[in-house]
Amino acid sequence: MLRVTDNLIAKPIKYTLLSMLMDLPLFFISDIHLMLHPQNNEDIKKTKLFRFLDYVIESKGTLFIVGDLFDFWFEYKHVIPKVYFPLLTKLYQVRKTGVEIHYILGNHDYWVQDFITDTIMTKTYFDDTTLRLNGKHFYITHGDGLLSWDHAYRVLKRVIRNPWFIKCFRGLHPNLGYRFANWVSKHGQHFVHTDEYNKRIVEDLLIFAHTKFEAGYDYVITGHYHQVREVVKTGGKLVILGDWINYYSYAIFDGQDLTIKTWDKQ
Ligand SMILES: [Mn+2]
């Protein structure tokens, strides 16, 4: 079966040079989905997230945001969305303390430009990335389009990542572009699945993870699926990061092992 990700499997492991310089511990979060129009638990989410970011600062570690930080982000040459100002200033503050922020883009926040890549983040990844640290090999992906049955989504993914599509969207007035995004956001979110479907997802992701373990990776880290899982198999560990809508979960690598935790402070 042909998958979009197949081309990644055959590649030898590459290590990012940055991994040599990374400060421990490493923190991984994903799927925060900060909303354009704040909903019920948005204040709780922000308070918890800001406290968590303070904890990252105190730990003097490195932060990985594994996609879908924003429910929608589209950056124009001269325009950024003002609703995210508090978070952007917070992240800017995190960077100023010397903590690196690595941002793997998701399907909700792929359309970044230099404000995100140069001003806010240390490094931004438009695709899956890998790193080696303390003898451990990490494969990090937002995870959208991985499921074997998700053919339609993979086509959509190609369209919305297409440079011409992005160029056309950028030509729209921001008010129009964001109104459209807001409509999609309101009609398209189904973060809660049945237990049975979630189980099917994990089984399918394990098939993908296994190919990575065979290629020498110790950890496969993914977001996107809005469930918290840490599955240990022979050869490696699959971590599904959960989200900051229902779980407030994160993974931490202390130099020895990668474990998933919940941020239970307010
Ligand atoms: Mn996603």
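Residues numbered from 1 in each chain as written. Predicted model: local features only at pLDDT ≥ 70, side-chain atom pairs only at ≥ 80, totals over all residues. Heavy atoms only, no water.

Chemist: Can you walk me through the overall build of the protein chain in this structure?
Modeler: Of the regular secondary structure elements, the protein chain holds 8 helices and 11 strands. Relative to the globule expectation of 18 Å for 266 residues, the C-alpha radius of gyration of the protein chain, 18 Å, shows essentially globular dimensions. The principal-axis extents of the C-alpha atoms in the protein chain amount to approximately 50 × 45 × 35 Å. Residues classed as buried in the protein chain amount to 52% of the 266 residues present. (Helix = DSSP H or I, 4+ residues; strand = E, 2+ residues; numbered from the N terminus. Rg over C-alpha atoms; globule rule 2.2 N^0.38 Å. Buried < 20%, exposed > 50% of the residue type's maximum accessible area, 1.4 Å probe, protein only.)

Chemist: Is there a simple way to explain the coordination of the manganese ion in this structure?
Modeler: Ideal geometry at a metal centre gives angles of 109.5 degrees when four donors are arranged tetrahedrally and 90 or 180 degrees when six donors are arranged octahedrally. Looking at the metal site, the manganese ion is ligated by D68 (OD), N107 (OD1), H142 (NE2) and H224 (ND1), spaced 2.1 to 2.2 Å from it. In the primary structure, the donors to the manganese ion are separated according to the pattern D-x38-N-x34-H-x81-H. On the criterion of sequence distance, the pair formed by N107 in the loop between strand 3 (100–104) and helix 4 (114–120) and H142 in the loop between strand 6 (136–141) and helix 5 (151–160) is long-range, its members being 35 residues apart. (Donors = N, O, S within 2.8 Å, 3.2 Å for Na, K, Ca; no water.)

Chemist: Mind showing me how you'd approach the sheet that holds strand 8 (residues 228–233) here?
Modeler: Neighbouring strands of a sheet are bound in pairs by backbone hydrogen bonds; such pairs are parallel or else antiparallel. Strand order in the open sheet formed by 5 strands is 5-6-7-9-8, with mixed pairing between adjacent strands. The strands lining the two open edges of the sheet, one partner per strand, are strand 5 (129–133) and strand 8. Between one strand and the next, the sheet's axes are offset by a mean angle of 15 degrees, whatever the strand orientation. The strands touched by helix 8 (residues 195–214) are strand 6, strand 7 (219–222), strand 8 and strand 9 (236–241); relative to strand 9, the strand with the most contacts, the crossing angle is about 135 degrees. (Pairing = 2+ DSSP bridges. Axes fitted to C-alpha atoms, helices over the stretch in contact; angles between N-to-C directions. Contact = heavy atoms within 4.5 Å.)

Chemist: Hey, could you run me through helix 8 in this one?
Modeler: Since there are 3.6 residues in each turn of an α-helix, residues three or four apart along the chain are aligned in direction. For helix 8, built from 20 residues, the straight-helix expectation of 28 Å at 1.5 Å per residue is met to within 8% by its first-to-last C-alpha distance of 28 Å. Among all positions in helix 8, only N198, I201, V202, D204, L205, L206, F208, A209, K212 and F213 are buried. Directly after helix 8, the chain includes G216, whose backbone phi takes a positive value near 110 degrees. (Expected span 1.5 Å × (residues − 1).)

Chemist: Looking at this structure, how should I read the packing of aromatic side chains?
Modeler: In this description, a pair of aromatic rings is defined by centroid distance and the angle of the planes. Applying the stated criterion across every chain, the model contains 33 aromatic pairs. The interplanar angle of 10 degrees and the centroid separation of 6.5 Å between the aromatic rings of W73 and F115 together place this pair among those described as stacked. With W73 in the loop between strand 2 (62–65) and helix 3 (85–96) and F115 in helix 4, this residue pair connects regions lying 42 residues apart in the sequence. By way of ring pairs, the aromatic residues F72, F74, Y76, Y110, W111, F126, F165, F169, Y178 and F180 are connected into one cluster. (Phe/Tyr/Trp six-rings, centres within 6.5 Å; stacked < 30°, edge-to-face > 60°.)

Chemist: Would you mind showing me how to read the sheet that holds strand 2 here?
Modeler: With mixed pairing, 6 strands are arranged side by side in an open sheet as 4-3-2-1-10-11. For this open sheet the edge positions go to strand 4 (123–125) and strand 11 (258–262), each flanked by a neighbour on one side alone. Between one strand axis and the next, the sheet turns through 20 degrees on average, direction left out of account. Judged from the 4 bridges that link them, strand 1 (residues 26–29) and strand 2 form a sheet pairing that is parallel. Paired with I29 across the strands is I65, a residue of strand 2. Across the sheet, helix 2 (residues 42–59) lies against strand 1, strand 2 and strand 10 (249–253), angled at about 165 degrees from strand 1, the strand it touches most.

Chemist: Sorry, what's going on with the pairing of strand 11 here?
Modeler: In this sheet, strand 11 lies alongside strand 10 in antiparallel orientation, the contact comprising 5 bridges. Residue pairing in the sheet places I252 in a bridge with T259 of strand 11. Linking two consecutive strands that pair antiparallel, namely strand 10 and strand 11, is a turn of 4 residues; a positive phi of about 110 degrees is found at G255 within it.

Chemist: In this structure, what is going on with the side chain of H224? I would like to understand it.
Modeler: With respect to the helices and strands, H224 occurs in the loop between strand 7 and strand 8. Accessibility expressed as a relative area gives 19% for H224, which makes it buried. A polar atom in the side chain of H224 sits 3.2 Å from the side chain of H142. Ignoring sequence-local partners within four residues, the contact set of H224 consists of S30, D31, D68, N107, H142, G143 and D144. (Polar contact = N/O pair within 3.5 Å; in protein donor to acceptor, adjacent residues only side chain to side chain.)

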